[in-house]
Amino acid sequence: KVLAFKDDKGKLAVMATTDHQGMSKTIYERLYQKIYKRFKLDRSAFMITFSHNHSGPCLQDDLQDYYPSDAEQKGYVKEYTLWMEEQVLDAIGEALSNLQTATISKGEGLCTFAVNRRENVEAEVPRMRAEGIPLKGVVDHYVPVMAVKNAKGKLIATLFGYACHPTTLSGTQLCGDYPGFAQINLE
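About the thresholds
- Residues numbered from 1 in each chain as written.
- Predicted model: local features only at pLDDT ≥ 70, side-chain atom pairs only at ≥ 80, totals over all residues.
- Heavy atoms only, no water.
- Helix = DSSP H or I, 4+ residues; strand = E, 2+ residues; numbered from the N terminus.
- Buried < 20%, exposed > 50% of the residue type's maximum accessible area, 1.4 Å probe, protein only.
- Areas by Shrake-Rupley, 256 points an atom, 1.4 Å probe, with all protein chains shown as cover.
- Lys, Arg positive; Asp, Glu negative; His and termini not counted.
- Charge placed at Lys NZ, Arg CZ, Asp CG, Glu CD.
- Contact = heavy atoms within 4.5 Å.
- Pairing = 2+ DSSP bridges.
- Axes fitted to C-alpha atoms, helices over the stretch in contact; angles between N-to-C directions.

A. Just the overall build of the protein chain, in detail. Each helix and strand counted, the protein chain has four helices and six strands in total. When the helices and strands of the protein chain are listed from N to C terminus, the series reads β-β-α-β-α-β-α-β-β-α. Projected onto its principal axes, the C-alpha positions of the protein chain cover 55 × 50 × 25 Å. Per-residue burial for the protein chain yields a buried fraction of 28% across its 187 residues. For the protein chain, the accessible surface area stands at approximately 12500 Å², while carbon and sulfur atoms represent 54% of it. Measuring between centres, the 22 positive side-chain charges of the protein chain sit 7 Å from its 23 negative side-chain charges.

This is how it looks when you write it as structure tokens:
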């Protein structure tokens, strides 16, 4: 997903996000070089973020010590990574070609399901909550939200964040975890 902004002086800013755990510097640099070549976008005007999803696909040169793989799997990961880079480039191109007059507003919300996983035993959390026992550790339940509305007042984009580690699932199925479900609900 990509948001592109252009101020009244012509300065561009592009924010992209993917549903991956992260990205190696090697892949980021290669992707940025493609972005610069295609769009002449300065590095300071580009930001990429990730849902940090642990149930998403692995990218090349990332998490090698967590996901050891054979040559065939590495080939699939490389192929997927190159495809993903093209998807990001295409999404940036689409966002830049759809620039329009807009109003940006901000707000905040509260979401309380985040739990400090290092300080609380997962199996005990439901009981502690039911009994009103405070959970241990630092959490941030603040949800910053940005809304973008077109000239007619129609909502055309929403950007939000939540400081909760997407590790709520186990298994080997691809899934968006809570960030993916939140995005589906908003869309």
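B. A look at the environment of Ile 48. Along the chain, Ile 48 falls in strand β3 (residues 46–50). Linking Ile 48 and Met 23, residues 25 residues apart in sequence, is a C-alpha distance of 9.5 Å. Those residues in contact with Ile 48 that sit more than four places away from it in its chain are Ala 16, Thr 18, Met 23, Tyr 28 and Leu 31.

C. Local environment of the environment of Ala 45. Among the secondary structure elements, Ala 45 is positioned in the loop between α1 (25–39) and β3. Each residue touching Ala 45, except ones within four places of it in the same chain, is listed here: Leu 12, Ala 13 and Val 14.

D. Main features of the sheet that holds strand β1 (residues 2–6). Strand order in the open sheet made by the three strands is β1-β2-β3, with mixed pairing throughout. A strand with exactly one partner marks an edge of an open sheet, and here the two such strands are β1 and β3. The mean angle between the axes of side-by-side strands here comes to 15°, regardless of whether they run parallel or antiparallel. Pairing of strand β2 (residues 12–18) with β3, which is carried by five bridges, proceeds in the parallel orientation. Residue Thr 17 lies in a different strand from β3, and its bridge partner there is Thr 49.

It is worth stressing that arrangement in space is one thing and function is another; only the former is reported here.
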